[in-house]
Amino acid sequence: MADEIKPNASQAPTQDAQLAAESMTEGKEKTPKVDVDADYAAAQQFSVSDIDRTSEGAEAADKVTANKFATTTPSETKAEAVSTADPNDYMEMAKNVGASTGATGNVDDDMMQKAIEKGQPGK
């Protein structure tokens, strides 16, 4: 089924295309007909080479796509977390996490003033 092209000069990307569209609209130039089905059928003929239509082509394709390296099948591994359920282990861990860094817990106004003074640039 041939489709007729309807030229639109305002949609032309270049000046040449715009002039061609105007000529087609005015009837000075023939409007080309496009047969999508015939073009598709012709493209299918070019998409497969002659060697691919034979058994020799299938052999060549297998040879080209064959693995060059040996492949292995992955084995399944299981990870198991063993629980000691010893409360002393958890107590020791909690002590290490909450260890003091030497800072005091109470901050008073004098300490805050000293921190502000130390933060000032030198004079």
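Peer 1: Looking at this structure, how should I read the overall build of the chain?
Peer 2: Secondary structure summary: the chain contains five helices and two strands in total. In sequence order, the chain lays out its α and β elements as β-α-β-α-α-α-α. Going through the 123 residues of the chain one by one, you find that 4% of them count as buried.

Peer 1: Help me out: how do you make sense of helix H1 (residues 15-26) in this one?
Peer 2: Since the α-helix packs 3.6 residues into each turn, any two residues three or four apart lie on the same face. Helix length check: H1 (twelve residues) gives 16 Å between terminal C-alpha atoms against 16 Å at 1.5 Å per residue, within 8%. Where H1 is concerned, the buried positions are Ala21, Ser23 and Met24. Seen along its axis, H1 keeps its buried residues to an arc of 160°; they face one direction. Projecting away from the buried face of H1 at angles above 90 degrees are the exposed residues Gln15, Thr25 and Glu26. Trailing H1 by a residue or two, Gly27 shows a phi angle of about 90°, which is positive.

Peer 1: How do you make sense of the pattern of salt bridges when you look at a structure like this?
Peer 2: When charged atoms on two side chains of opposite charge get close, those side chains can pair. Counted according to the given criterion, the structure contains one salt bridge. The salt bridge partner of Lys28 is Glu26, with a shortest N-O separation of 3.1 Å. Owing to a relative accessible area of 52%, Glu26 belongs among the exposed residues under this scheme.

Peer 1: How should a nonpolar patch on the surface be read in this particular structure?
Peer 2: A surface patch of nonpolar side chains, about 360 Å² in accessible area, is lined by Val107, Met111, Met112 and Ile116. Along the chain, the position of Met111 falls in helix H5 (residues 109-118). For Met111, a relative accessible area of 38% gives the class partly exposed.

Peer 1: Help me understand the confidence of the model for the chain in this model?
Peer 2: Atom-level detail of predicted coordinates should not be read off regions where pLDDT is low. Looking at the chain, pLDDT values average 80 and 89% of them are 70 or higher. Per-element confidence in the chain ranges from a low mean pLDDT of 70 for strand S1 (residues 2-4) to a high of 89 for H1.

Peer 1: Looking at this structure, I do not really get the environment of Ala17. What am I missing?
Peer 2: Mapped onto the fold, Ala17 is located in helix H1. Judged by relative accessible area, Ala17 falls into the partly exposed class, the value being 28%. Taking the C-alpha atoms as reference points, Ala17 and Pro7, ten residues apart in sequence, are found 9.3 Å from one another.

The rules behind the values
Residues numbered from 1 in each chain as written. Predicted model: local features only at pLDDT ≥ 70, side-chain atom pairs only at ≥ 80, totals over all residues. Heavy atoms only, no water. Helix = DSSP H or I, 4+ residues; strand = E, 2+ residues; numbered from the N terminus. Buried < 20%, exposed > 50% of the residue type's maximum accessible area, 1.4 Å probe, protein only. Expected span 1.5 Å × (residues − 1). Arc of directions from axis to C-beta. Salt bridge = Lys/Arg side-chain N within 4 Å of Asp/Glu carboxyl O. Patch = residues over 30% accessible without salt bridge, like charges linked within 9 Å, V, L, I, M, F, W, Y side chains within 5 Å. Areas by Shrake-Rupley, 256 points an atom, 1.4 Å probe, with all protein chains shown as cover. pLDDT = per-residue confidence, 0-100.

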